[in-house]
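Per-entry structural report
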Amino acid sequence: MSTHLKIVLAEPSTIIRNGLEVLLKQLPGFRIQLIESTSADSIPENLHIHRPDILIINPMIPGYLSIAHLKEESNNSSMKYVALVYTPIDQE
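Quick summary incoming for the structure in this document. No experiment lies behind these values; they were computed from the predicted model shown.

Regarding the sheet that holds strand β1 (residues 3-10)
Read across the open sheet, the 4 strands follow the order β2-β1-β3-β4; overall the sheet is parallel. A strand with exactly one partner marks an edge of an open sheet, and here the two such strands are β2 (30-37) and β4 (80-83). Direction aside, neighbouring strands of the sheet carry axes that sit 20° apart on average. Where strand β3 (residues 54-57) lies against β4, 4 bridges are found, and the strand directions are parallel. By the bridge assignment for β4, L55 is matched with Y81. Lying over the sheet, helix α1 (residues 14-25) contacts β1, β2 and β3, oriented at roughly 165° with respect to β2. Of the strands in this sheet, β1, β2 and β3 are in contact with helix α2 (residues 42-50), which crosses β2 at around 145°.

Okay, structure coming up:
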């Protein structure tokens, strides 16, 4: 029996999104439903419509506000958040 996970992937890079999709769908014991958000504008709508289990977000996405704002916007207290950082950034 496999666990179904809905994941919103907020990442502007097609290469990164496609690579993560391949890796996530290969996880044994999980059925992954991936919803892609290529811009910050589409994230709140996808969180509201799909009510995902996990949000994987690149905090460097142009227009990104904050996790606190997304938590408030989504009204989904059980959702987990993962920051996808693959470039050096300032701690602030």
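After that view of the structure, there is still more to cover.
Comments concerning the environment of I7
With respect to the helices and strands, I7 occurs in strand β1. Linking I7 and R51, residues 44 residues apart in sequence, is a C-alpha distance of 8.9 Å. Sequence-distant contacts of I7, that is, excluding residues within four places in its chain, are made with L24, I32, Q33, L34, I35, P52, I54 and I56.

A look at the packing of α2 against helix α3 (residues 67-74)
Relative orientation of the contacting elements α2 and α3 amounts to 40°, with a least axis distance of 9 Å. The orientation of α2 with respect to α3, classified from their angle, is oblique. Every pair of crossing elements has a handedness; the one defined by α2 and α3 is right-handed. Contact residues: α2 offers I43, P44 and L47, while α3 offers L70, E73 and S74. A per-class count over the contact of α2 with α3 returns 4 nonpolar, 1 polar and 1 charged.

The rules behind the values
Residues numbered from 1 in each chain as written. Predicted model: local features only at pLDDT ≥ 70, side-chain atom pairs only at ≥ 80, totals over all residues. Heavy atoms only, no water. Pairing = 2+ DSSP bridges. Helix = DSSP H or I, 4+ residues; strand = E, 2+ residues; numbered from the N terminus. Axes fitted to C-alpha atoms, helices over the stretch in contact; angles between N-to-C directions. Contact = heavy atoms within 4.5 Å. Parallel < 35°, antiparallel > 145°, perpendicular 65-115°, else oblique. Left-handed = near helix turned anticlockwise from the far one by under 90°. Nonpolar A, V, L, I, M, F, W, Y, C, P; charged D, E, K, R; others polar.

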